[in-house]
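# Structure assessment
Each chain is listed here by its residues.
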Amino acid sequence: MGTYLNPGKAAYEEAVNSEIFVDKTEMIGYLNSVARTKKKYVCVSRPRRFGKTMAADMLCAYYDRKAESRELFEKRKIAVCATALAREREVPWDEYMGQFDVIRLVMTDFFKSDQSIADALDTIKVRVLDELEECYPGTKYDVKDFPFSMDKFYRKSGRQFVIVIDEWDAVFRMLQDDAEGQRKYLDFLRDWLKDKPYVALAYMTGILPIKKYGKHSALNMFTEYSMEAPRQLAQYTGFTEDEVEKLCMDYGMNYADISNWYNGYVVSDRIPPEKREEYRQGKYDGHKIHIYSPLSVVESMTTGQIKNYWNKTETYEALAEYIRKDYDGLKDAVALLMDGGCLKIDTSSYQNDMTTFHSRDDVLSLLIHLGYLGYDDETGEVFIPNREILDEFRTSTKSDEWTDTFRDFEMSQELLKATWACDSDRVAELLEKAHDRAGNKTYNDESALSYAIRYAYYAAQKYYTPLPELDTGKGYADLVYLPSPRYPDLPVLLIELKYDKTAEGAISQIKKRNYPDRLEHYKGNILMVAINYDKEVPSSKPEFKHHSCVIEKA
């Protein structure tokens, strides 16, 4: 048994012998189906505490030719339910057991803040090749040409490698500012692994998905299984509902209470071919799997206490600084999410690192991968998944610097309720306050007024999808809020803005342009909200900066 080559089964045996062990060996069945195929490159990204290292230990124990693990696995689910997964090719559960040389690397062992990435890569090459030479003596190798040397050992042994890399993203978390070193690291992995006949399976796991440079990646041969899209590995992302319910029965815990605290992550499995037509018709959602954080559940079961077991990491603390500085409106977004809302975001621009943030959505995307937000891949919405994580956000937002944010959010909630109640005077009063808080620069023109109104109605995003300037056929409605599928009974809000005119004129314009007709299937449940601000009123008059509002039903 080596440190890096064929590390054996001891680490996985410790997991199996632990007080709480949840059998995830069926995952091997899927990996067997992609081994020795073009899909043999697998990158799994999950938050801390979600069982990544145990899964890596399991793969080492299974594939390692020296581990002698039959007795360990023949009692597990993989042997009993060998064909439980729908996959492209069926492989007997034990066909690849003990058939490969396994190389296991934990990248946090090599990459340190006081060491260059180039030196760390040299250390990896030397240590791996030294152990290979001990196993296959007499083979000449060249440290400067690592892939060629690997191929020489493969030719001598006739045995392919399963390469398991844990904490693969350590470089991007620990050496965040070394962009050139990061590129060298990605190039090293590509040159070592891509299209090499000696690789039977390459399995990487970490917190972050594969780093992107622009729209491309040096590791484009990998299939990614992330918190956004875990694909066929969805049920192995964490503990499932069935697994947690069984643990509750074993430990005398109330499942409803456990679910309230720790449930909430929803991931999408592969949709079986025979169910895809039902899915397109909205009649199938069996691919949706609710996932729990394993560490939180285990701690709760073993202590008998239901509480917050989530420990902040240095990663979150770095992110929290962006939130505290209100980067691109992050504070308002957090306030909405803490109120139970969902927020639609675009995850496509996120570069999968700790420093490249171009927008609020990039930061929120990283929070998905850190486990601080859940993600619905069908709606593209993020949300706070459970009470445990909500408790973390509450702890992080207790400082005085959050006072104004929460006051504004409460005002926005009150504005929404006044709108639903058709209380036009109260709506005008609250809009005036919100307009003032948005700043004097928003008093200059109609587009600035529109910004202030959207700012005032921020809380509406919990219930609505905002559509600026909806084309009505005869013009444009300035703002339309359509109720989300979760709140189908709420009225549509159709908002028309006027500048130096009258609210009555705005209502008349809505009627003339037949805006409600454009929303025919909502007819009878539409609120027309007309808002006007007259900037020509001098500051000496009580009407200065005064808003008027008219609300009618349609």
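Below is a short write-up of the structure. What you see is a predicted model; the values in this text were computed from it and never measured.

Conventions used here
Residues numbered from 1 in each chain as written. Predicted model: local features only at pLDDT ≥ 70, side-chain atom pairs only at ≥ 80, totals over all residues. Heavy atoms only, no water. Axes fitted to C-alpha atoms, helices over the stretch in contact; angles between N-to-C directions. Helix = DSSP H or I, 4+ residues; strand = E, 2+ residues; numbered from the N terminus. Parallel < 35°, antiparallel > 145°, perpendicular 65-115°, else oblique. Contact = heavy atoms within 4.5 Å. Nonpolar A, V, L, I, M, F, W, Y, C, P; charged D, E, K, R; others polar. Buried < 20%, exposed > 50% of the residue type's maximum accessible area, 1.4 Å probe, protein only. Pairing = 2+ DSSP bridges. Left-handed = near helix turned anticlockwise from the far one by under 90°.

Once that is clear, we can look at the packing of helix α6 (residues 117-135) against helix α9 (residues 179-193). Geometrically, a packed helix pair is captured by the angle between its two axes and the distance between the axes. Here α6 crosses α9 at 25 degrees, and the two axes come no closer than 9 Å. Overall, the two elements α6 and α9 adopt an arrangement that is roughly parallel. Across the interface between the two elements, Ile117, Leu121, Ile124 and Lys125 from α6 touch Gly181, Gln182, Lys184, Tyr185 and Phe188 from α9. Counted by class, the contact of α6 with α9 contains five nonpolar, two polar and two charged residues.

Of all eleven residues in helix α16 (residues 360-370), eleven are buried, a share of seventy percent or more. Of all the residues in α16, the buried ones are Arg360, Asp361, Asp362, Val363, Leu364, Ser365, Leu366, Leu367, Ile368, His369 and Leu370. Just downstream of α16, Gly371 is the residue with a positive phi angle, here 90 degrees.

All right, on to the environment of Tyr12 then. Relative to the assigned elements, Tyr12 resides in helix α1 (residues 10-16). According to the relative accessible area criterion, Tyr12 is buried, its value standing at 1%. In the structure, Tyr12 is positioned 45 residues away from Asp57 in sequence and 5.1 Å away in space, judged by C-alpha atoms. Those residues in contact with Tyr12, other than ones at most four positions away along the chain, are Phe21, Thr25, Met54, Asp57, Met58, Ala61, Leu72, Phe73 and Arg76.

Okay, the pairing of strand β2 (residues 101-106) next. Side-chain positions along a regular strand alternate between the two faces of the sheet. With five of six residues buried, β2 is to be regarded as a mostly interior element. Pairing analysis gives six bridges linking β2 to strand β3 (residues 161-166), with the strands arranged parallel. What sits directly across from Val102, in β3, is Val162.

One can describe the packing of α6 onto helix α7 (residues 146-157) by two numbers: an axis separation of 11 Å at closest approach and a directional angle of 15 degrees. The angle between α6 and α7 falls in the class roughly parallel. Of the two possible hands of crossing, α6 and α7 adopt the one that is left-handed. Of the residues in α7, those in contact with Lys125, Val128, Leu129, Leu132 and Glu133 of α6 are Phe146, Ser149, Met150 and Phe153. Looking at the contact of α6 with α7 residue by residue, the class counts come to six nonpolar, one polar and two charged.

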